[in-house]
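Structural description and commentary
Chain residues, written in single-letter form:
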Amino acid sequence: MGKQSIDGATPDIKVVGLVTGLKEHRVAWVLGERLGNGFRKEEDLVLEETDESFHFSIFSGSYRHRSLRLIRNKSYVAGEQNSFILPELSNIDYLLTLEGNNADELAKEICALLQDDENIQFARQLETKKIRSRENLIF
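What you see is a predicted model, and the numbers here were worked out from it, not measured in a lab.

Comments concerning the pattern of salt bridges
Scanning all chains against the criterion turns up seven salt bridges. Between R34 and D117 there is a salt bridge whose closest N-O contact spans 3.2 Å. Pair noted here: R34 is in helix 1 (residues 24–35) and D117 is in the loop between helix 2 (103–115) and strand 8 (122–126), with a separation of 83 residues, a long-range link. Using a relative accessible area of 10% as the deciding quantity, one classes D117 as buried. In this structure, the salt-bridge partner of E127 is K130, at a minimum N-O distance of 3.7 Å. Residues E127 and K130 agree in their burial class; the two are exposed.

Considerations on the confidence of the model for the protein chain
Considering every residue of the protein chain, the mean pLDDT works out to 84; 87% of them sit at 70 or more. Within the model, the stretch residues 1–11 combines pLDDT values under 50 with 20 contacts to residues more than four positions away or in other chains.

Considerations on the nonpolar core
By size, the foremost hydrophobic cluster in this structure holds 24 residues, and its most contacted members are L18, F39 and L70. Ranked by residues supplied to this core, first place goes to helix 2 with six residues. L70 has contacts with L18, E24, V27, A28, L31, F39, S57, I58, F59, Y94, L95 and L96, leaving out every residue within four places of it along the chain. Grouped together as the second largest cluster of nonpolar side chains are 15 residues, L45, F54, I92 and I131 included.

Brief notes about helix 1
End to end, helix 1 covers 16 Å across twelve residues, agreeing with the expected 16 Å (1.5 Å per residue, within 8%). Within helix 1, burial applies to E24, V27, A28, V30, L31, G32 and L35. Looking at the packing, one finds that the buried side of helix 1 touches strand 1 (14–19), strand 2 (40–41), strand 5 (58–63), strand 6 (66–72), strand 7 (94–98) and helix 2.

Here's the deal with unusual backbone geometry
Located in the positive-phi region is R64, a residue other than glycine, with phi close to 50°. Among the structural elements, R64 can be located in the loop between strand 5 and strand 6. Residues other than glycine seldom take positive phi values, yet H65 does so here, at roughly 65°.

Rules used throughout
- Residues numbered from 1 in each chain as written.
- Predicted model: local features only at pLDDT ≥ 70, side-chain atom pairs only at ≥ 80, totals over all residues.
- Heavy atoms only, no water.
- Salt bridge = Lys/Arg side-chain N within 4 Å of Asp/Glu carboxyl O.
- Helix = DSSP H or I, 4+ residues; strand = E, 2+ residues; numbered from the N terminus.
- Buried < 20%, exposed > 50% of the residue type's maximum accessible area, 1.4 Å probe, protein only.
- pLDDT = per-residue confidence, 0-100.
- Contact = heavy atoms within 4.5 Å.
- Core = buried A, V, L, I, M, F, W, Y, C linked by side-chain atoms within 4.5 Å.
- Expected span 1.5 Å × (residues − 1).

See below:
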């Protein structure tokens, strides 16, 4: 998949922030159960900073024929310094991105579905224009 623009060429990309104590594979399973469609593990996103690499887990799925990506906000490297894909949102554990037509309505619907789940402490649509490091979500 080519690069996409959150601000210009693809205005229908929305981001839902999730807070949960669950491990990433369990979050993907919960989302799959709630949304009626499974998620599959993708190749990690790797961000290079000076002489360090930070890995972020990604799962992909769909909801109502729209593409979804579940991205772990905190990098995972055992014994290494951690980084965040969106550093200004370090309190958010996972990011769920939605693409396609009516993404705004679908993001609200997904948040409502997840609010009732005992495993998800927080699910809210984020305002992408207010996220300083939103370019990290473009890949």
